[in-house]
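# Geometric and topological summary
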Amino acid sequence: MSAATGVPVVTVEGLTLGYGGAPVQRDLSFSVPRGSVFVVMGGSGCGKSTLLRGMVGLLPPLAGRVLYGETSFWDAGPDGREALSRAFGVLFQGGALWSSLTLAENVALPMREYTALSPGEVQDLAAYKLALVGLAGAEDRYPAEVSGGMRKRAGLARAIALDPRLVYLDEPSAGLDPVTARHIDDLVLGLREALDITFVVVTHELASILAIGNDGIFLDGGTGTAIASGSPKELLESSRDPRVLRFLTRGEWRGEGSPPKEERS
Amino acid sequence: MHRTDRKRTVGAPGASGEALDAERLRCGPPENGEVRVELRGPWTLDRPLPSLGPVEAALARGGVERLRVTDGGLGEWDSSVLVYIEDIEAMAAERGALVDTGALPRGIRTLLELARSARGRPIERVEQPRPPLLVRVGDRAVWAWRGAVDGLEFGGEVAAAVWRFVRGRARYRRSDLLLAIQQCGAGALPIVSLLNFLVGLILGFVAATQLREWGAEIFVANLVGIGMVRALAAVVTGVTMAGRTGASFAAQLGTMQVNEEIDALRTFGIPPAEFLVLPRMMALGLMMPLLALYAVVVGLLGGAVVGISLLHFTLAEYAHQTYRALDLTDLGVGIFSAAVFGVLVALAGCYKGLRCGRSAAAVGEATTSAVVIGIVSIVVAMAFITWGCNILGI
Ligand SMILES: Nc1ncnc2c1ncn2[C@@H]1O[C@H](COP(=O)(O)OP(=O)(O)O)[C@@H](O)[C@H]1O
Ligand SMILES: [Mg+2]
């Protein structure tokens, strides 16, 4: 089913998530293979961020499990969860940089908490991570003083601060101009290549989905379930579900059968 | 939905209006089941729409199958012509007649089509109907219960954070603590001075007018002294800080919640209770006693102003009487109360901020209720402290 092969980094089993007892997404099951860029697709408000919150430990599930390796995240105690959290980084939708800290301090804070490095080394490492995402020279700026794209990139630098094997990105390129969005996509691919990071990317940006995704799941808001899974390109080629096709062809596809020829590329 | 209403109000001008209408709208009699509606001249929002009366009259004659809306020399037009055509369509639909807009300018047709396709799309979320009373009462109870549990949970988190602090393991930034101390210390001095001076003054004045009748003016010093030192300085300062610092804590943390900054802390395993609540709570818990001490001095000064200017004591007399009236226990109670109030105000602000919803409006609500909870808890705590002192005979 999935394009990339490899051991699953994270596996979701029968996960039901919601707020106040009312489910938003029901019975999700999938696994994210090591080394893949796994995209969580779906229209606005279908529950993509909700799924992400359930996977990173911010929203206890109504049912089901999230497995990191063999360990069930939500069944591990608070200490176990904290230890598991160390294995992944998260970039939130708006960047979620701590506004009272400079970009460098944002990246440095987790390092200071969890590494044995000296303050000087932490500072060097933070500067290096910022340089990695193209923010050399902006270390001492505050989040309010940089553009939205720079905030997202700084958020990405913070997400990889502790060298995690798995990084979650929530809408990394939403709200950015096409060039900046493309830059973020390139960054994701580059980091995957260079640091062997597995990415779980929540997005509804079609260009991004097709450019970086090599596996994924498609959530439907109407039914509150996953309606397709697999590589986005393959889904575009072979899916029979009108909701998936309409999404992947920006609503061009209206009829039965295959999507229109000109949309395939 | 309100088409008929508008038809009545807009289409009810006098004779001149009707003449104007006729220039812009021509509605022929039915021919072979077809009515021609011709739109002419300018159709812009700055003039009233013609009455739908003629069209309605034509339809009312019966046997009309089609309405042809055509361009009979249409001038400048804007969305007014679109709503008018939609009104015609609605009216025709009621009578089972079709409307043909094919002969209208292309722009109008496109816009009509766009609106039509957008209307056809279902709205994603429908308003829930109001549940019955019993359900609402139940919801309320569950909600209150959850709130209580949640409050306890927060209390537990803070207690754990304090415990880690005691063992020297708490994760927070010293600079945050210093910033909070500065914010709720020096920054609050002017307003604390003003309020406590006035309270001292008012207390002295009220006492003076009463005690003068008994020739016991000198006891103004006792009343102002004990009142300010034991309770009022702490309460007035606490209420001021609830409005000033408690609100600001709630707004800060609420904004962080909206920006998912709190979530980011959690995913790094840094408890917000340690990183955010602890420094603020310590800052206010430390600064409130100092502020209250300062407030006592200012309040006593307020009383002294009354004693000197109204009752003609010398400063030395007044000060001596104050000194005789007070003992250290009073001051101890006042300072202790102030520290408790500081912690309560900080906790109320932080709690409301951390539990804030994810919108700007929610930050406003969080701020408001932080102030309310802060003030209420000050008063309740004051009652408990007074009760406790009574039991202990202090
Ligand atoms: N804190 C919350 N409380 C209640 N409902 C929420 C909350 N957050 C999101 N929702 C609801 O859950 C649904 C999915 O939201 P979300 O996961 O943010 O969607 P998206 O796919 O756009 O990221 C939405 O209908 C939203 O209204
Ligand atoms: Mg989202």
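A quick note: this is a predicted structure, and the numbers were derived from the prediction, not measured. Sequence order sets the numbering: in each chain, residues are counted from 1 along the sequence as written. Chain A is the first chain written and ligand 1 is the first ligand written, with later ones labelled in order. Under the rules for a predicted model, residues below a pLDDT of 70 receive no local features and side-chain atom pairs below 80 are neither given nor counted, while totals for whole chains, interfaces and linings still include all residues. Excluding hydrogens and water, the side-chain figures rest on all heavy atoms present in the structure.

### Remarks on the overall build of chain A
To qualify as a helix, a DSSP run of H or I must reach at least 4 residues; to qualify as a strand, a run of E must reach at least 2; elements of each kind are numbered from the N terminus. Check the secondary structure of chain A and you find nine helices and ten strands. In terms of overall size, chain A behaves like a compact globule, its C-alpha atoms giving a radius of gyration of 19 Å where 265 residues would be expected to give roughly 18 Å. Structurally, chain A occupies a C-alpha span of about 60 × 45 × 35 Å along its principal axes. Within chain A, the fraction of its 265 residues that count as buried is 52%. Should any heavy atoms of two residues lie within 4.5 Å, those residues are considered in contact. Residue pairs in contact within chain A that sit at least 24 positions apart in sequence constitute 63% of those at least 6 positions apart. Per-residue and other accessible areas were derived by the Shrake-Rupley procedure at a 1.4 Å probe size, with only the shown protein chains allowed to occlude residues. When the accessible surface of chain A is totalled, it reaches about 11200 Å², and 51% of it is carbon and sulfur. Computed over 25 positive and 31 negative side-chain charges, the separation of the two mean positions in chain A equals 4 Å. Throughout, the radius of gyration refers to the C-alpha atoms, and the reference size of a globule is 2.2 Å times the residue count to the power 0.38. Think of it in three bands: residues with accessible area under 20% of the maximum for their type are buried, residues over 50% are exposed, and the middle band is partly exposed, with areas taken using a 1.4 Å probe on protein chains only. Here Asp and Glu are counted as negative and Lys and Arg as positive; His is not counted, and neither are the chain ends. A charged residue contributes its charge at one atom only: NZ of Lys, CZ of Arg, CG of Asp or CD of Glu.

### Some remarks on the interface of chain A and chain B
Residue-level contacts link 23 residues of chain A with 17 residues of chain B. By buried area we mean the combined loss of accessible area, with a 1.4 Å probe, across both parts when two parts are placed together. Summed over both partners, the interface of chain A with chain B comes to about 1800 Å²; 56% of that surface belongs to carbon and sulfur atoms. Area buried by chain A at its contact with chain B is led by F92(A), W98(A) and E113(A), which between them contribute 27% of it. Criterion for a salt bridge: a side-chain nitrogen of Lys or Arg within 4 Å of a carboxyl oxygen of Asp or Glu. Put simply, chain A and chain B have three salt bridges between them. A salt bridge links R171(B) to E82(A), with the shortest nitrogen-to-oxygen separation between them at 3.8 Å. Identification of polar contacts relies on pairs of N or O atoms within 3.5 Å, with a donor-acceptor requirement for protein atoms, meaning one able to donate a hydrogen and the other able to accept it, and with residues adjacent in sequence counted only if both atoms are side-chain atoms. The interface formed by chain A and chain B holds seven residue pairs in polar contact (both at pLDDT 80 or more) in total. Broken down by secondary-structure element, the contributors of at least two residues to the side of chain A that touches chain B are α1 (48-56), α2 (78-85) and α3 (103-114) of chain A. Class assignment for the residues of the side of chain A that touches chain B results in twelve nonpolar, five polar and six charged. Under the scheme applied here, ten amino acids are nonpolar (Ala, Val, Leu, Ile, Met, Phe, Trp, Tyr, Cys and Pro), four are charged (Asp, Glu, Lys and Arg), and all others, including Gly, are polar.

### Let's talk about the coordination of the magnesium ion (ligand 2)
Residues and elements named next belong to chain A. Only S49 (OG) and Q93 (OE1) from the protein coordinate the magnesium ion (ligand 2), and they sit 2.0 to 2.8 Å from it. Within this pair, whereas S49 is found in helix α1, its partner Q93 is found in the loop between β6 (88-91) and α3, the two being separated by 44 residues in sequence. A relative accessible area of 23% places S49 in the partly exposed class. Counted as donors are N, O and S atoms no farther than 2.8 Å from the metal, or 3.2 Å for Na, K and Ca; water is not among the atoms, and sites may therefore look incomplete.

### Focus on the sheet that holds strand β1 (residues 25-27) of chain B
Picture the strands of a sheet paired through backbone hydrogen bonds; they go either parallel or antiparallel. All names here are of chain B. By the convention used here, strands pair only if DSSP detects at least 2 bridges between them. Spatial ordering of the open sheet is given by β1-β2-β3-β4, a layout of four strands whose pairing is mixed. This sheet does not close on itself; its edge strands, each paired only once, are β1 and β4 (98-103). For this sheet, the mean angle separating the axes of adjacent strands, direction not counted, is 20 degrees. Pairing analysis gives three bridges linking β1 to strand β2 (residues 34-43), with the strands arranged antiparallel. Along β2, the bridge assignment pairs C27 with V37. A fitted line through C-alpha atoms represents every axis, and for helices the fit uses only the stretch in contact; the resulting angles, taken between N-to-C directions, go from 0 to 180 degrees.

### Some details on the pairing of strand β1 (residues 8-19) of chain A
Across a regular strand the side chains alternate sides, sitting on one face of the sheet and then on the other. All names here are of chain A. Note that β1 and strand β2 (residues 22-33) share eight bridges and pair antiparallel. The residue bridging G18 from the neighbouring strand is P23, located in β2. From the end of β1 to the start of β2, which pair antiparallel, there are two residues, and G20 there has a positive phi angle of about 60 degrees.

### Concerning the domain arrangement of chain B
Each domain's limits were defined by an automated method or a database of domain assignments. Domains assigned within chain B are domain 1 (3-120) and domain 2 (159-392). A straight line from the C-alpha centre of domain 1 of chain B to that of domain 2 of chain B covers 69 Å.

### Topic: the site of ligand 1
Here a residue counts as near a molecule or strand whenever at least one of its heavy atoms sits within 4 Å of it. Around ligand 1, eleven residues are found, and the nearest of them are G45(A), G47(A), K48(A), S49(A) and T50(A). In this structure, ligand 1 is bordered by residues of chains A and B. At 2.5 Å from an oxygen atom of ligand 1 is found a side-chain nitrogen or oxygen belonging to T50(A). With three residues, the single largest contributor to the shell around ligand 1 is α1(A). Taken together, the residues that form the shell around ligand 1 break down as three nonpolar, six polar and two charged.

### Comments concerning the packing of helix α6 (residues 133-166) of chain B against helix α13 (residues 328-354) of chain B
All names here are of chain B. Between α6 and α13, the least distance of the axes is 11 Å, while the angle of their chain directions is 115 degrees. The element α6 and its partner α13 pack so that their crossing is right-handed. Between α6 and α13, the contacting residues are G147, D150, G151, F154 and V158 on the first element and L347, C350, Y351 and L354 on the second. In a left-handed crossing the near helix is turned counterclockwise from the far helix by less than a right angle, and in a right-handed crossing that turn is clockwise.

### Quick look at the pairing of strand β8 (residues 198-202) of chain A
All names here are of chain A. Buried residues dominate β8, accounting for five of its five residues. Burial along β8 is two-sided: the face carrying T198, V200 and V202 and the face carrying F199 and V201 are both buried. Here strand β3 (residues 37-41) pairs with β8 via four bridges, running parallel. Directly across from V37, in β8, lies its bridge partner F199.

### As for the packing of aromatic side chains
Side-chain rings of Phe, Tyr and Trp, where Trp is taken by its six-membered ring, are said to pair if the distance between their centres is within 6.5 Å; with planes under 30 degrees apart they count as stacked, over 60 as edge-to-face, and otherwise as tilted. Using the criterion set out here, one finds twelve aromatic pairs over all chains in the structure. Pairing F384(B) with W387(B) gives two aromatic rings, centres 6.2 Å apart and planes at 75 degrees, and the pair type is edge-to-face. Separated by three residues within a single helix, F384(B) and W387(B) lie in helix α14 (residues 360-392), roughly one turn from each other. Classification of F384(B) as exposed rests on a relative accessible area of 53%. Here the aromatic residues Y68(A), F73(A), W74(A), F88(A) and Y168(A) are joined through ring pairs into a cluster of three or more. A cation over an aromatic ring shows up here: R158(A) above the ring of W98(A), its NZ or CZ 4.2 Å from the ring centre. We call a charge positioned above a ring when the Lys NZ or Arg CZ atom is no farther than 6 Å from the ring centre and deviates by at most 35 degrees from the ring normal.

### Re unusual backbone geometry
Residues and elements named next belong to chain A. At D163, a residue that is not glycine, the phi angle is positive and equals roughly 50 degrees. When you line up the elements, D163 lands in the loop between α5 (148-159) and β7 (166-170). The backbone phi angle of E171 is positive, close to 50 degrees, even though this residue is not glycine. Mapping E171 onto the fold places it in the loop between β7 and α6 (178-195).

### A short note on the side chain of R153(A)
Residues and elements named next belong to chain A. Here R153 shows up in helix α5. Among buried Asp, Glu, Lys and Arg side chains, R153 stands out as unpaired, with D177 the closest opposite charge at 8.3 Å. Residues within four places of R153 in sequence aside, it is in contact with V133, G134, L135, H183, I184 and L187.

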